[in-house]
Amino acid sequence: MTPDFSNLRLDFPVLDQHVGGHPLVYLDNAATTHKPRAVIDALARFYERDNSNVHRGLHALSMRATDGYEAARERTTKFINASESAEVVFTSGTTASVNLVAQGWGRDTLKPGDVVVCTEMEHHSNMVPWQIVCQQTGATLRYIPVLGENAEGGLDMAAYDELLLAGNVKLVAFTHISNTLGTINPATEICAKAKAAGALTMVDGAQSAGHENVDVQAMGCDFYAFSGHKMAAPTGIGVLYGRRELMDVMSPWQGGGGMISTVEYEGSKWKPSPERFEAGTPNVADAIGLHAAMDYLDSVGRPAIGRHESELAALAYDALSELPGIRILGPGKGQPRAGLVSFAFEGVHAHDVVTFADQDGVALRGGHHCNQPLMRKLGLPSTTRASFYLYNTPADVDALVASMQRILKFFGVE
Ligand code: 7TS
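Residues numbered from 1 in each chain as written. Predicted model: local features only at pLDDT ≥ 70, side-chain atom pairs only at ≥ 80, totals over all residues. Heavy atoms only, no water.

Asker: Could you clarify how one ought to interpret the overall build of the chain in this entry?
Answerer: In terms of regular secondary structure, the chain is built from 13 helices and 19 strands. For 414 residues, the compact-globule formula gives about 22 Å, and the C-alpha radius of gyration of the chain, at 22 Å, lands near that figure. In terms of principal-axis extent, the alpha carbons of the chain reach across some 75 × 55 × 40 Å. Burial statistics for the chain: of 414 residues in total, 56% are counted as buried. If you take every contact in the chain between residues at least 6 apart in sequence, the share linking residues at least 24 apart comes to 70%. For the chain, the exposed area adds up to about 17,000 Å²; of that, 53% sits on carbon and sulfur atoms. (Helix = DSSP H or I, 4+ residues; strand = E, 2+ residues; numbered from the N terminus. Rg over C-alpha atoms; globule rule 2.2 N^0.38 Å. Buried < 20%, exposed > 50% of the residue type's maximum accessible area, 1.4 Å probe, protein only. Contact = heavy atoms within 4.5 Å. Areas by Shrake-Rupley, 256 points an atom, 1.4 Å probe, with all protein chains shown as cover.)

Asker: Sorry, what's going on with the packing of aromatic side chains here?
Answerer: For any pair of aromatic rings, the description consists of the separation of the ring centres together with the inter-plane angle of the planes. On inspection of all chains with the given rule, the structure shows 10 aromatic pairs. A centroid spacing of 5.8 Å and a plane angle of 85° characterise the contact between Tyr389 and Tyr391, whose relative ring orientation is edge-to-face. Tyr389 sits in the buried class, given a relative accessible area of 0%. Since its relative accessible area comes to 1%, Tyr391 is described here as buried. Pairwise contacts between aromatic rings join Phe12, Tyr296, Tyr389 and Tyr391 into one cluster. Directly above the aromatic system of Phe79 lies the positively charged group of Arg302, at a separation of 3.5 Å from the ring centroid. (Phe/Tyr/Trp six-rings, centres within 6.5 Å; stacked < 30°, edge-to-face > 60°. Lys NZ or Arg CZ within 6 Å of the ring centre and 35° of its normal.)

Asker: Just checking my understanding: could you explain the domain arrangement of the chain for this structure?
Answerer: Where interface size is quoted, it is often the accessible area lost as the parts come together. Taken domain by domain, the chain consists of domain 1 (5-30 + 301-411) and domain 2 (41-297). With centres defined by C-alpha atoms, the gap from domain 1 to domain 2 works out at 28 Å. Facing 34 residues of domain 1, the contacting portion of domain 2 comprises 34 residues. Between domain 1 and domain 2, the buried area comes to about 2,700 Å², and carbon and sulfur atoms account for 52% of it. It is Arg302, Leu374 and Tyr389 in domain 1 that bury the most area against domain 2; as a group they hold 25% of the surface buried on that side. (Domains from an automatic or database assignment. Buried area = accessible area lost by both parts, 1.4 Å probe.)

Asker: Please clarify how helix 6 (residues 187-196) should be interpreted in this entry.
Answerer: In an α-helix, one turn spans 3.6 residues; hence positions three or four apart end up facing the same way. Of all the positions in helix 6, only Ala187, Ile190, Cys191 and Ala194 are classed as buried. What you see down the axis of helix 6 is that its buried residues fit within an arc of 95°, all on one side. Buried residues belonging to helix 6 abut strand 8 (154-155), helix 5 (157-166), strand 9 (169-175), strand 10 (200-204) and helix 7 (216-219). Two residues or fewer after helix 6 comes Gly198, characterised by a positive phi angle close to 80°. (Arc of directions from axis to C-beta.)

Asker: Looking at this model, I keep getting lost on the site of the ligand. Mind explaining?
Answerer: In the region of the ligand, 16 residues are neighbours, and Thr95, Asp204, Gln207, Ser227 and Arg385 sit closest. At a separation of 2.9 Å, a nitrogen atom of the ligand approaches a polar side-chain atom of Lys230. A distance of 2.7 Å is found between an oxygen atom of the ligand and a side-chain nitrogen or oxygen belonging to Arg385. Burial of the ligand by the protein amounts to 86% of the accessible area it has alone, namely 500 Å². Across the shell around the ligand, the residue classes tally to three nonpolar, nine polar and four charged. Domain assignment of the residues forming the shell around the ligand places at least three in each of domain 1 (5-30 + 301-411) and domain 2 (41-297). (Near = heavy atom within 4 Å. Polar contact = N/O pair within 3.5 Å; in protein donor to acceptor, adjacent residues only side chain to side chain. Nonpolar A, V, L, I, M, F, W, Y, C, P; charged D, E, K, R; others polar.)

Asker: So what exactly am I meant to see when it comes to helix 5 here?
Answerer: Residues of helix 5 that are buried include every one of Met157, Ala159, Tyr160, Leu163 and Leu164, and no others. Viewed end-on, helix 5 has its buried residues packed into an arc of 155°, placing them on one side of the element. Across helix 5 from its buried face, at more than 90 degrees, point the exposed residues Glu162, Leu165 and Ala166. Elements that come into contact with the buried residues of helix 5 comprise strand 5 (115-119), strand 6 (140-144), strand 8, strand 9 and helix 6. Taking the backbone nitrogen of Ala158 as reference, a side-chain oxygen 3.2 Å away marks Asp156 as the first, capping residue of helix 5.

Pasting the structure below:
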């Protein structure tokens, strides 16, 4: 049964407000999403009843907090179909997860002559950590190009084949869904090709985890990273999935309490994963919030959420493409597109568009979206981006388009 998306807005208290005298139309979901009442309640319940540190106490509250935290790990294991909970490490978000792999795996493993492959559409979070570790180790970073003057052609898979054929590729790091283009990359194919070439894969799932069913085993990736706040969960909690055999030999990224089995003045031994990678007091409350968010999303149904967002993006694409002087990035009309549309108007800066849209109560994002090299390649200083989530409706698309028409009129673009 298709869920009734028209009423989901009521589950999100923050959406019940006016901005600039207009009902809020929130279209900045690729940056962060709102939290349903179920998540806010789970956080309040934890702080009101169970708040305590985990793994160290034998008193009732500490045991309840530990149970809640570990239940969140079990829930996450199921959410992405990892084979066991030791493969699920809680981090502060995608950025921390990628840095953990770059430093925990890359720094020990990479050497001069080795190649790390990224794509030209990576968010800085899945690019800069690889630049850093390549500088540290003498390895080389190469990029799979994007095709087309608006990157409408997606990744150049023939160029990818050539990069793999050239040899020495140790890891392929790529985004599942582009936060700037809305492109859905062929993750399973990219992973299979990397594996055949003897390379590991790191998938940036920041824009996919809360938007479609993710099965890390079926995808065939070695690492998969995502952020809770982009999928209805609190800020400050994220996940790194890593295959058990890799996690067991990877070095810790940070040292401290909770991650050691024994400590001597001269040195220490580490616990296995996941504790090895969770030094210090973890983010217990937000892990419990993440658990509630996963339950909420699955009560709606992730495939239905993904379809709903893509339908809104297609509506927006079609209506926006009628506007004068517009350039829309990413997949063309009728092509598969995730739930966002990124565009630029000739002669009007994205920051002006976003500021004017805010007066209409429409929350957008303008800028380089942490994709500076891609923007440079496409010859754009910035774009305006509308990104959708489960609580958005076709009426929100209408509000977006009406606001864009008003702005173009104001700037005299006919
Ligand atoms: N990867 C992708 C594809 C992203 O879209 C983002 C955040 C990140 C990584 C980083 O996630 P974080 O939770 O660690 O910050 N993207 C955006 C955005 O598009 N606008 O603001 C943040």
